[in-house]
Each structure stands twice: as structure tokens, then as C-alpha cells.
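Secondary and tertiary structure notes
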Amino acid sequence: MTMQTFLTLDLMPMLSGLLAAVTCGLLGNFLVLRRLSLMGDAISHAVLPGIVLAFLLTASRAPLPVFLGATASGLLTVGLVELIRRVGRVEPGAAMGVVFSVLFALGVFIMARGGAESVDLDPGCVLYGTLETLAWTGPPETLGELFSLQVLGGLPRPIWVQSVTLIVVVIFVVTLFKELGIAAFDAQSAAAQGISPTLMHYLLMSVVAGAAVASFEAVGSILVIAMLICPAATARMLTDRLRSQVIVSAIVAVATGGLGYTLAVFVPLGLGWRFTPSVAGMMTVVAGAFVALSIVFSPTRGMVARKVRTRRLARRVALEDLLARLFRAEEEGAPALASADLSRASRGSHPAGLERAAKSGLVSIEGSLASLTDAGRAAAAAIVRRHRLWEGYLVDRAGLSPDHVHEPAELLEHLSLETELPIPDAGADPHGKPIP
Amino acid sequence: MIESSEPTRFMSDLVETLALPVRELHLVFFGGAHNTSYVIIAAALLGVAAGLVGCFALLRKQSLMSDALSHATMPGLVSAFLIADAIGGSAKSIVVLLLGAAVSGVLGVLGVHWIVRNSRLREDAAIGIVLSVFFGAGIVLLNYATKHASTPAAGLNHFIYGQTAAMTRPDAITMLAITLVAVVACVALMKELTLVCFNDAFASVSGWPVRRIDLSLMGLIVLVTVAGLQAVGIILIVALIVIPAAAARFWTNRLPTMLAVSAGIGGLSGYCGASLSAVSPKSPAGSVIVLTAGALFVFSMLFAPARGLLPELVRRLRVKLRFAVDHALEHLALTADQSIRARPLPIGRAMRRFLHTKNLISLSDGSVQLTPNGLARGRRVARNHRLWTQYLVQYADIAPSHVDWSVDQVEHILSPELVAELEAAIAEPPTNPPPTQSGVSS
Amino acid sequence: MNPSASADATTSALVSRPEHSVDSPLAVHAMTVAYHRKPVLWDVDYDATAASLTAIVGPNGAGKSTFVKACLGLVPRATGTVEFWGQPFRAVRDRVGYMPQRESVDWDFPVSALDVVCMGRYRKVGWFRRVSRAHRMAAMSALERVGMADYASRQISQLSGGQQQRVFLARALTQEAELYFMDEPFAGVDASTERAILEVLREIRDSGRTVICVHHDLLTVAEYFDRVILLNMRVVAAGATSETLTDDNLHRTYGGRLTLLSEASEQLARSGQRQP
């Protein structure tokens, strides 16, 4: 593959996919946070009749009428959903379902009956776009020529539309970041501060509609939906703050676009496959893969991380229980316990607890007997102390009866709280044991 | 496209097609009917099944789950095609394709549940993710199938938007069989589904397996979705589940009626849509069926007597008018009864004319006088007004829907004992004014 | 309440069901409940008295509803056991009735008051079968008992809050249970409904059956109920209303949050650890 073919055939589709991904990905953050993901779905379906009608009425593909028509039908969707939900007392999910499916059906119907020839849109490209056909007919010979007016003028029209949209979206998100954030988090407090949630809602929805339209022609409705939801969802799994979520979602969107295009075009080319997957389809799959990966592997919220944390905690609990047991035995005058008993008593899933305790120098094993080392004794004393303080607290403050506090204390002793536990009124635990 | 030169021909074709299944109904059972008849009947029954299942999906707030489900059928559909093609089976066998579709549809639903359970993402995001990603994967598989399968894969495209014209008789019969199962199951499980949709905690405490009943609802949605893939298509089948149910809700407050109306709307959409699409194969059946359903929805939302917008508006205006009339009559009666000193009449010319046409007042040379009818009504209003106020003071628990009840109906709302009690509480019961009075003439 | 009448009722209940005579209708032992992994009830012990009218009282977020739901298996228990007449809930389901909070359902649901009451009979009707005339009559008489017979065919959204509450009570009545759990039966009702509901509850008790109510109004506890459970993350006190409803106990229930215990709950929730 030469540089020239790359510039002619690949750069524009790739750029278009990336622009669509980032534009939708940025806006998606606010949809996902406000639980309006499916509104993005609805809008990206419902812009179709607007596009088709604008094509038919103006008999051209001039961007402005098409853009306005489609944005209008996107906003019409939002308004109709609101009307059906409020006045018709229909549940919001169903209201969305009614509106977008009817509008989409209308678009498909007009397209199929009326003007497929004049519109040169077909039902297939509505769904997965026409990325592959975007070619750059006049790419520059050298890098220096890149910024000449003539070369830029030769860029395909969708690229222009998408670039302008991206700029508008970035400006929108940056300038209204605070307002969008508070309206998404707490509409009432937003209203109290003079930020009308309704206004923000419609503002956001019109920008979403605009972004959907701009991306629609190139990448199709399915990728628009995927990009409105998936990068934001991925970012939400990876970060806890809105600002970083927006940034991460943009990065994820870029990665999705790039990797999707690579898998759809370069990989099959390199491997000599006969079939070339749809770029939009492949990008969608990649977007989904990112979501799945983030759910499984997110360092803070992922399934694996949670599992590891739980395991580590369970291990610590088992170890602490073991030390406490040895400590209590010492109190009762038995300086060592049979290690076989200890292993059996520790939680079934962690039979290796005793060896690990020995390895970390908390327990010494001699023959078949285990006893606390000095370090182990200090650690055990701290645990037993917490246990007995909790027992005292539960009796003194919570008013539980003394024969009921052992079980809860077994759980509570493993927590490390910021607040200091008070010394029980009696100076000893409810069973009369001293506090170490 | 409708040839503009032949609109009449199109119309007559359409009418003929619409009538075809009815004319051939006797043949349908013995196998002599046209394909079209089977297809139209199957589409109608699909609408009925979707209408029934849709009611429960709507009431369980699961409407959009069916959207995720239908989009998720795409990869399974193509995979089934590829597998059947690879092992040399008949790759176009509708049963194989639909089986594949059902499996991946169920996987899609499980995917939504998996995301909701294992992440902080909400159900709406999960549905959006599953529907777009599964569908995207389906498209990629379809690209592969188009290039690599030995059987031409072009027919699979029809599953996206639905194409009744391409359906064969076995296709229609398969569809008919699946929808029949769905209808029967839905009717059989009506009581259980109602209970779980209304109050799942109560159902669970009284011993119903809520999870299994939910699963069977999901199973019913799967059946309807899969059955509708060929006729309505992946993208729009959700409409057939959502729209009839939402439209039916406008007509009634009773579930059995709602089910019947929803089934009717679904059936009608299926029937008309499939007929229209059969006449002009260029219009995708799915969109025609959905547009029919959408038109019925709009009609229901505007005109349905129980909860439609216009009847509601008329009811409100009527109540408003009645209030205005009552108010005017009350004032006139109080003036006439000398309970308050004569004041300028608070009624405009239009109201005066209206009262006159209703024979509640008589107009003689500019002065307004109550007829006996008008006087009686005015007094009743005055009395009820006090009763009502008294009631509100004592018992402030009113149903929201009762607020716009006319004061005329106080007696119907309150028990007779309560009315007696309230009357006693009113210091000066205005019940026995003298029968005739000056200023009143007939 | 007339103590001798209640004693008689108890005896008759015992005579009619000798096989369970030794067991209390509800015995909760060492029950800890976590909601979304956050413990809300710590180590609850409770023994219900047969043929009593018991109120569960405590501040917001004390775990009153959770207590009921955990007993009925609607919320999983982390530890502890719950037995009804010495048996697990599964075995005696038909003898336990439940009236959920009014807010827990969508009152715009397309069913009539009678339909809702019939739901109390569904279990007796069984899978797939229609509700028979006999069941419908039973539902109707339950509606009559709560003074709602005239509203049987009305759609439930057209009922006032008090009327909706009565419909729920009627549904519980048709379950013909021996032990009832009711979640805030007096919430948001008018004075006459409150009287009517109380009367029905007393009838239930006087026939030897047991009612346990989540109750939010401290002022009426002593008048309405003969036994009370004071709950705030743990059982503060339980017993006869006259003895239990003391200033000291109320102070311990409502005063002073258990900050350390709340902090511990938060941390347990964050740690993501399932309860042992």
C-alpha cells in the first residue's frame, strides 16, 4: 500500500469515522448520566424522515436544508416523546418506542417509495453508512501542499460537515460543562440556581440531533447509537469524575474509530481475505468490546478488581481470625494449638492461611503445634481489642444484649474506622474479658 | 413506486388483496389458497400476538428490552445461515434461521442483564449497548456471508426491514405456528402475568415464582420477535410490540379490554400492512405495518373516549362550563333569596344567552329572572357548596380524580349519613326556602 | 382491648391447631440484613406473640420495612433464621398474608378494585385457571368488610389514598392468613379510613390471628397496638406496649444515631464484601 492510496482511499473514511466517534462520544456522557441513552437511540433513528424529506423537497444534497430538516425531526422526536409521556400518560420507554419506530418507518417508507433514485440513499446505508465510498480525489503530493486552499477545498463534503459539527460540540461541552453537569446530576438544584433543566434538556437534545445528522450519512444510525453510548459507558467504568470521564470517553472514541477501521480494512487487506467487513459494523463491535473489557477489567470497578479485593479481604479476615484464636488460647493458658485444628477452622476456601501466617512471621510452627510470635501477638492483640471494644459498644450504645454481640463483633473487628472506638463503661468487654 | 398513471389500478389491486384472505379462508385450511393469503393471515396473527404480549411488556416496563432483543437476533440469524451452509444443510430453512435468531436474541437479553448486574451502568445504557453492538456484529457477519457462503446470502437482507413479498408458504406457516403458541401461552398465563406486572413483591410472598414468570414473559417476547423477523424486520418489530399496547391503554382502564383492543390494533396493522406490501413489493412490509399501527396510535391518543386527549379536553371544558353555569345560578339564586343584597350580575352576555337557551333564566326587557328550574338548581348548588366546604374542612382526603367533580355530585360522593352530619354542622341549612318568591316568574 | 376475650380467642386458635400450639407465629433469631451490601439490621431477635396486634416503630431508615421484607424472604438475610410456627416460610406460605406499602405499586395499572382483591386468591386458584365465581364472591365480601363494596368496579387510580389502602387491606384479608405483615397500613389515610382499618385489624386479632404492622405515628401506637417492637438498626426493645413504650426506650430508639455503626455499615458496603 502506498502513501498515495492511503491518502486517496483510506484517510477520508478513517477521518470521518473518527470525527463521528468523537462527536457522539463526547455528547454521550451526558445522555448516559441522565439515563437518556435510549433517547440518543430514538433520535438517531428519527432523523431519517427529516433527511429524506429534505432531500425530496430540495431535490438536492445541499447540507444546510438536510441538516436543518433532520435536526428538526430529531427535536420533534424529543417533543413528541414528552407529549406522549405527559399528556398520554405513557411510560417513557414505551413513548420513545412509539415515536422513533413510527418516524423511522416513515423515513424508510418515503425512501423506498418516493425517492430512492433522487436521494441515492438506500435502506442499507441508513443503518451502516457509506464510509467506504468517501474518497479524496485530490490528495496533495507533499505534506507542504496540505494546507493550500485548493487541497482543503477538495476534501469530501461530509468531512467538512463533520468537522464543523465536532467543533460546535466541543465548544458546547466546554462552555456549558458546569451547567450540563449539574442538570444531569440534580435537576432540582440546577433549577434553584436558575439553570432551567428543560432548557438544558432541549439544548442537549438539539446538539445530539445535530451530531446524529452530521454523522448519520457517513457512518449510519447503528454506529451513531453505539458511539453515543459505548465510549461514555466505557469511561464511566474507568473514572469517577465527570471531567475525566469526558476526556476518557474522547480517547476511547478515537481508539474505537482507529482500531475499528484497522480491523475492517487493513487487517483483511494484509491477510488477503476476500471479504471486507463494513467499517461501521466493525467499529461498533470494537466499541462493544471496549465496554465489555472495561466492565471486566476496570481497575476500580471491574469484576476482576472486585473479585481480587474480595479475595484479599477474605484472606485478611481468615488470617486475623486465626491470630485472634491463638491469642484467646494464650489467654486461657494454652500457648500453642494443633495446626491441623487451626487449618480446619479457618475459612474453607483458604486452607493455606496458616502457612501464610507462618511465612510472614506472625506464627511459628513447631512440629504439629502453632503459636504466636511476638509480632503475631501484637497484631492479634489489636484485633481482639477491636473485637472487645465493639462488643462493649454494641452493649453500651446499641443496647444489644451481651449474648448477642459476639457475631456482629466478629464481622466488625476487621474494619478499620476513622473514629476511635470508646472504651466500654465497664472497662472490660461485656463478658468480663480484659481489653488488650 | 406507485405509478401515478395507474392509481386506480393500485387501489383495486389493494382492495382485492385485502379481501383475498377472507375469500380464501375456507381454502387456507385445506391448502389451496394463494401464498398471499397465508402471509396476510400470518401477519395479522403476528399482530394479535404482539398486541397481547406487548400489553404485559408495557405494564412490566420492558418495552424497550424487546428492541435490544430484536437487534440482537441479527448475528444469530447470519450465524445459523453460515453454519447450515457449512454443513451442507439447507441454509435458507426458515426454522434454522429463526432458531439461530432466537438463541442470539436471548443472549442479547442476558447481555443486558449481565451489564446491569456487573457494572454501574443502568438498564437504558445496557440496552443501547447491546442493540448496537449485536447488530454491528451481525452486519460484519453478513458481509462475510455475502462473500463466503455457497448459498447466496442476499435474502438475509430482507430480515432487516421485513419483506412479505419474499415469503414462501412454509415461511408463513412457520410464522403462523409460532404466533399461535405465543397467543395461547399469553392467554393461559394472563392471571400470573397480571399479578407479577402489578405487584411482584406480593406475588413473591404469596408463593408465585416471579423470576420464572418474568422469564416466560421474556420467552413470549422472543417468540413474537422471531416470528415477526421476516414480515416486519429486525429494526421495526419493536414497534409492533410497543405501539398496539400503548394505543390500547387509551381506550380502557380494564386489562381484559386493553388486551382485546391491543390485539385488535396489532392484528389490523398486520393485516393491512401485509396486504399493502403484497400489492407493491417495493414498500418494505415492516414500515407499512408500523405506519398503520402508528396511525391507529395517533387516532387512539386523540380520540379514545377513556383517556384520549380530545375527550379529556371536552370533559374538562364541559366541567368548566358547568362550574360557570352553577356559579352564575348560585349567585342569582342567592340574590333572589335575599341572602345577599343585590349586586351587579356577574354574568356576561354569552352566558346569559346560554342560560336562556337552556331555559334556566328568562329575559324580559333587560332584567334577568330565574326560571323555577334555574332557581332550584341555583339553590342546590348553594347548599352543596356549603356541604362541600364543610366536608373539606373535616375530611381532607380526596381522590385526585374527584377534584374536578362538579359540586352537583356531592351527594353521590358522600354517604347519606355523612351528608346528614354535614348538614347538621351547617349552622343555617338553606334547604327550606319559601317555595315562591318575588322576582321569580315562570 | 379486652384481655379475657383475647385470651379466649388465643385458646380457640390453639385448640383448632394443636400441632403448632407450642410455637410462636414468628420467631426471628440473630437476623442480620444487608441492603445492597450495606447492613441495615444488626442481629435481630424477636418472638411474636400469637393473637396480638404488633407495631414496628422506629425513625426513618431504621430498617422497619426491611425487617418485614427480610422475614418474608423479599430481601436476603445475611445471617440468622426466621421461623413461622417452627417452620420455614416456604412451608407455611399459605398461612402468611402481606400488605405492601401503597407506594410500591403503579396505581395507574388497568385493573379494578375487585381485580386487585382477587389477586389475594390467585394462589388458591392455581396456575392457568381463571378466577372462579366463588373466589370473586370471597373478594367481594372482603371489599364489603372494609367498606369498599360500592367501589368494586372502579379503576384503582380513581380511588383516594385511603380507599387504595382499604383495597390492599381487603386483598390481604382474602388471603385468609393467620399471620399478617402490613407495611404502613395507616400511611396517608383520612380519619374515617384509619378507624375502619383499625377495626378490621382488631377483628383479625380477636379471631386469634396475628398482625404485625410497620407504623409511623408514635402518637397512636399505644392506643392502636397491644405490642410494639422499637427498631433502630437493631431491636431496642420489644414487648407489651404499656411496658415497652417508655420515655427511656423511645429516647434510645429515636435519639442519638449510632455513628460508629453507620460508619461501619458504610465501610462494609464499600468493601464489597458479601456478608459471611
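Residues numbered from 1 in each chain as written. Chains lettered and ligands numbered in written order. Predicted model: local features only at pLDDT ≥ 70, side-chain atom pairs only at ≥ 80, totals over all residues. Heavy atoms only, no water.

1. Examining the confidence of the model for chain A
Selection criterion: The predictor attaches a confidence to each residue, and that confidence, scored 0 to 100, is pLDDT. Going along the chain from the N terminus, every DSSP run of H or I of four or more residues is numbered as a helix, and every run of E of two or more is numbered as a strand.
Of the residues in chain A, 92% reach a pLDDT of 70 or more, and the chain-wide mean stands at 84. Considering each helix and strand of chain A separately, the mean pLDDT is smallest for helix 14 (residues 339–345) of chain A, with a value of 68, and largest for helix 12 (residues 279–297) of chain A, with 94.

2. Digging into the packing of helix 9 (residues 190–198) of chain B against helix 11 (residues 210–228) of chain B
Residue and element names in this part refer to chain B. Our working definition: Lines fitted to C-alpha atoms define the axes here, with helix axes fitted over just the stretch in contact, and angles between the N-to-C directions of these axes take values from 0 to 180 degrees. The labels follow the angle: roughly parallel below 35 degrees, roughly antiparallel above 145, roughly perpendicular from 65 to 115, and oblique for the rest. The sense of a crossing depends on the near helix, which, turned anticlockwise from the far helix by less than a right angle, makes the crossing left-handed and, turned clockwise, makes it right-handed. Contacts were defined at the residue level, with two residues in contact if any of their heavy atoms lie within 4.5 Å. When residues are grouped by polarity, Ala, Val, Leu, Ile, Met, Phe, Trp, Tyr, Cys and Pro land in nonpolar, Asp, Glu, Lys and Arg in charged, and all others, Gly among them, in polar.
With their axes 10 Å apart at the nearest point, helix 9 and helix 11 run at an angle of 110° to one another. When the axis of helix 9 is compared with that of helix 11, the two are roughly perpendicular. Taken as a pair, helix 9 and helix 11 cross one another with a handedness that is left-handed. Where helix 9 approaches helix 11, its residues Glu192, Leu193 and Val196 are matched on the opposing element by Val210, Ile213, Asp214, Leu217 and Leu220. Considered class by class, the residues forming the contact of helix 9 with helix 11 number six nonpolar, no polar and two charged.

3. Considering the domain arrangement of chain A
Here is the rule we go by: For each domain, the first and last residues come from an automatic or database assignment.
For chain A, the assigned domains are domain 1 (3–227) and domain 2 (306–412). If you average the C-alpha positions of domain 1 of chain A and of domain 2 of chain A, the two centres end up 60 Å apart.

4. Things to note about the interface of chain C and chain B
Note the cut-off: Defined here as a combined quantity, buried area equals the accessible surface (1.4 Å probe) lost by two parts on assembly, summed across both. Throughout this description, the term salt bridge denotes a Lys or Arg side-chain nitrogen within 4 Å of a carboxyl oxygen of Asp or Glu. Pairs of N or O atoms within 3.5 Å make up the polar contacts considered here, provided that, within protein, one atom can donate a hydrogen while the other can accept it, and that residues adjacent in sequence are counted only when both atoms are side-chain atoms.
Each partner contributes residues to the interface: chain C has 42 residues there, and chain B has 36 residues. With both chains or domains summed, chain C and chain B bury close to 3,300 Å², and 62% of this area falls on carbon and sulfur atoms. Three residues, C:Phe109, C:Pro110 and C:Trp127, lead the burial of chain C against chain B; their summed loss comes to 19% of the area buried on that side. The salt bridge involving C:Asp115 is made with B:Arg254; its shortest N-O contact spans 3.3 Å. At the boundary of chain C and chain B, one finds ten residue pairs in polar contact (both at pLDDT 80 or more). Broken down by element, the residue count for the side of chain C that touches chain B peaks at four residues, all from helix 7 (residues 161–174) of chain C.

5. Quick notes on the sheet that holds strand 3 (residues 369–372) of chain A
All names here are of chain A. What counts, and what does not: Strand pairing requires that DSSP identify at least two bridges connecting the strands.
Pairing is antiparallel in the open sheet, where three strands are placed in the order 1-3-2. Each end of this open sheet is capped by a strand with a single partner; those strands are strand 1 (337–338) and strand 2 (363–366). As judged from the two bridges shared by strand 1 and strand 3, these two strands associate in the antiparallel manner. By the bridge assignment for strand 3, Ala338 is matched with Leu369. Sheet strands in contact with helix 13 (residues 303–331) are strand 1, strand 2 and strand 3, and its direction is about 90° off that of strand 3.

6. A few points about the side chain of C:Ser65
Looking at where C:Ser65 falls in the secondary structure, it is placed in helix 2 (residues 64–71). Sequence-distant contacts of C:Ser65, that is, excluding residues within four places in its chain, are made with C:Gln101, C:Asp183 and C:Val214.

7. Digging into the interface of chain A and chain B
The interface of chain A with chain B comprises 63 residues on the first partner and 57 residues on the second. Carbon and sulfur atoms make up 72% of the surface buried where chain A meets chain B, a total of about 5,100 Å² over both sides. Viewed at the interface, chain B and chain A are joined by one salt bridge. Where A:Asp240 meets B:Arg120, a salt bridge forms, and the shortest distance between an N and an O atom there is 2.9 Å. Summed over the shared surface of chain A and chain B, the result is seven residue pairs in polar contact (both at pLDDT 80 or more). Of all the secondary-structure elements, those providing two or more residues to the side of chain A that touches chain B are helix 2 (37–58), helix 3 (63–86), helix 4 (92–119), helix 5 (123–128), helix 10 (197–238), helix 12 and helix 13 of chain A. For the side of chain A that touches chain B, a count of residues per class yields 38 nonpolar, 14 polar and eleven charged.

8. Brief notes about the sheet that holds strand 1 (residues 27–35) of chain C
Residues and elements named next belong to chain C. Spatially, 2-1-4 is the arrangement adopted by the three strands of the open sheet, whose pairing is antiparallel. Pairing within the sheet leaves two strands with one partner each, and these edge strands are strand 2 (38–47) and strand 4 (77–83). Across the sheet, the mean angle from the axis of one strand to that of its neighbour is 20°, orientation sign disregarded. Across five bridges, strand 1 lies against strand 4 in antiparallel orientation. Looking at strand 4, one finds that His29 is bridged to Thr81. The strands touched by helix 2 are strand 1, strand 2 and strand 4; relative to strand 1, the strand with the most contacts, the crossing angle is about 115°.

9. Brief notes about a positive patch on the surface
Residue and element names in this part refer to chain A. What counts, and what does not: What goes into a patch is any residue over 30% in relative accessible area without a salt bridge, connected to like charges within 9 Å or, for nonpolar side chains (Val, Leu, Ile, Met, Phe, Trp, Tyr), within 5 Å. We get accessible surface area from the Shrake-Rupley algorithm with a probe of 1.4 Å; when it comes to residues, only the shown protein chains can shield them. Residues scored as charged are limited to Lys and Arg (positive) and Asp and Glu (negative), so that His and the chain ends carry no count. Here the site of a charge means NZ on Lys, CZ on Arg, CG on Asp, or CD on Glu.
Taken together, the side chains of Arg309, Arg311, Arg312, Arg315, Arg356 and Lys359 make up a positively charged region of the molecular surface. Elements represented by at least two residues in the positive patch include exactly helix 13 and helix 15 (353–359). Element by element, the count of residues in the positive patch is highest for helix 13, at four residues. Relative to the assigned elements, Arg312 resides in helix 13.

10. Here's the deal with the packing of helix 3 (residues 35–59) of chain B against helix 8 (residues 169–188) of chain B
Residues and elements named next belong to chain B. One way to put it is that helix 3 packs onto helix 8 with a least axis distance of 8 Å and a crossing angle of 25°. The angle between helix 3 and helix 8 falls in the class roughly parallel. Between helix 3 and helix 8 lies a crossing whose hand is left-handed. Classifying every residue of the contact of helix 3 with helix 8 gives 21 nonpolar, two polar and one charged.

11. Focus on the side chain of B:Ser287
Basically, it comes down to this: Burial classes follow relative accessibility: with a 1.4 Å probe on protein chains only, a residue under 20% of its type's maximum area counts as buried, one over 50% as exposed, and anything between as partly exposed.
Structurally, the position occupied by B:Ser287 is in helix 14 (residues 285–303). Under the relative-accessibility criterion, B:Ser287 is labelled buried at 1%. Residues within four places of B:Ser287 in sequence aside, it is in contact with A:Ala105, A:Val108, A:Phe109 and B:Leu236.

12. Details of the nonpolar core
Rules: By nonpolar core we mean a set of buried residues, namely Ala, Val, Leu, Ile, Met, Phe, Trp, Tyr and Cys, connected to one another through side-chain atoms within 4.5 Å.
Membership of the largest hydrophobic core comes to 264 residues, with the highest contact counts inside it found for A:Leu27, B:Leu121 and C:Leu201. Sorting elements by how many residues they give to this core places helix 10 of chain A first, with 24 residues. Leave out the neighbours within four places in its chain, and B:Leu121 touches A:Val32, A:Ala233, A:Arg236, A:Met237, A:Val291, A:Ile295, B:Ile115, B:Val116 and B:Ile129. Formed by 30 residues, the second largest nonpolar core is a distinct cluster that contains C:Ile56, C:Phe67, C:Tyr98 and C:Ile229.

13. Some thoughts on a nonpolar patch on the surface
Residue and element names in this part refer to chain B. A cluster of nonpolar side chains, Val298, Phe299, Leu302, Phe303, Leu310, Leu313 and Leu317, forms an exposed patch at the surface whose accessible area comes to about 620 Å². Broken down by secondary-structure element, the contributors of at least two residues to the nonpolar patch are helix 14 and helix 15 (309–336). For Phe299, a relative accessible area of 43% translates into the label partly exposed.

14. Looking at the packing of aromatic side chains
Our working rule: Under the pairing criterion, centres of Phe, Tyr and Trp rings, with the six-membered ring standing for Trp, must be within 6.5 Å; the plane angle then separates stacked pairs below 30 degrees from edge-to-face pairs above 60, leaving the rest tilted. We call a charge positioned above a ring when the Lys NZ or Arg CZ atom is no farther than 6 Å from the ring centre and deviates by at most 35 degrees from the ring normal.
With the rule as written, the count across this model stands at 17 aromatic pairs over all chains. Judged by centre distance (5.7 Å) and plane angle (45°), the rings of C:Trp127 and C:Phe128 are tilted. Among the residues examined, C:Trp127 registers a relative accessible area of 35% and is labelled partly exposed. Of the aromatic side chains, those joined through ring pairs into one cluster are B:Phe198, C:Trp107, C:Phe109 and C:Phe168. Over the face of the ring belonging to C:Tyr122 we find B:Lys191, whose NZ or CZ atom lies 5.6 Å from the ring centre. We note C:Arg171 situated over the ring of C:Phe168; from NZ or CZ to the ring centre the distance is 4.4 Å.

15. A short note on the pairing of strand 6 (residues 179–183) of chain C
Residues and elements named next belong to chain C. Within strand 6, five of the five residues are buried, which leaves the element mostly enclosed by the surrounding structure. The two faces of strand 6 match: Leu179, Phe181 and Asp183 on one face and Tyr180 and Met182 on the other face are all buried. Judged from the four bridges that link them, strand 5 (residues 96–99) and strand 6 form a sheet pairing that is parallel. In the sheet register, Tyr98 faces strand 6, and the bridge partner there is Phe181. Where strand 6 meets strand 7 (residues 210–214), five bridges bridge the pair, whose relative direction is parallel. For Tyr180, the partnering residue across the bridge sits in strand 7 and is Val211.

16. Description of the pattern of salt bridges
Inspection of the entire model under this criterion finds 24 salt bridges over all chains. The salt bridge partner of C:Asp106 is B:Lys61, with a shortest N-O separation of 3.7 Å. Of this pair, C:Asp106 sits in the loop between strand 5 and helix 4 (113–119) while B:Lys61 is found in the loop between helix 3 and helix 4 (65–86), placing the two residues in two different chains. Linking B:Glu312 and B:Arg315 is a salt bridge whose minimum nitrogen-to-oxygen distance equals 3.1 Å. Of this pair, B:Glu312 and B:Arg315 both sit in helix 15, three residues apart, which is roughly one turn of that helix. When its relative accessible area of 35% is taken as the criterion, B:Arg315 is described as partly exposed.

17. As for the environment of A:Ala381
All names here are of chain A. Position of Ala381 relative to the elements: it lies in helix 16 (residues 374–396). When its relative accessible area of 18% is taken as the criterion, Ala381 is described as buried. Residues Ala381 and Ile225, 156 residues apart in the sequence, show an inter-C-alpha distance of 58 Å.

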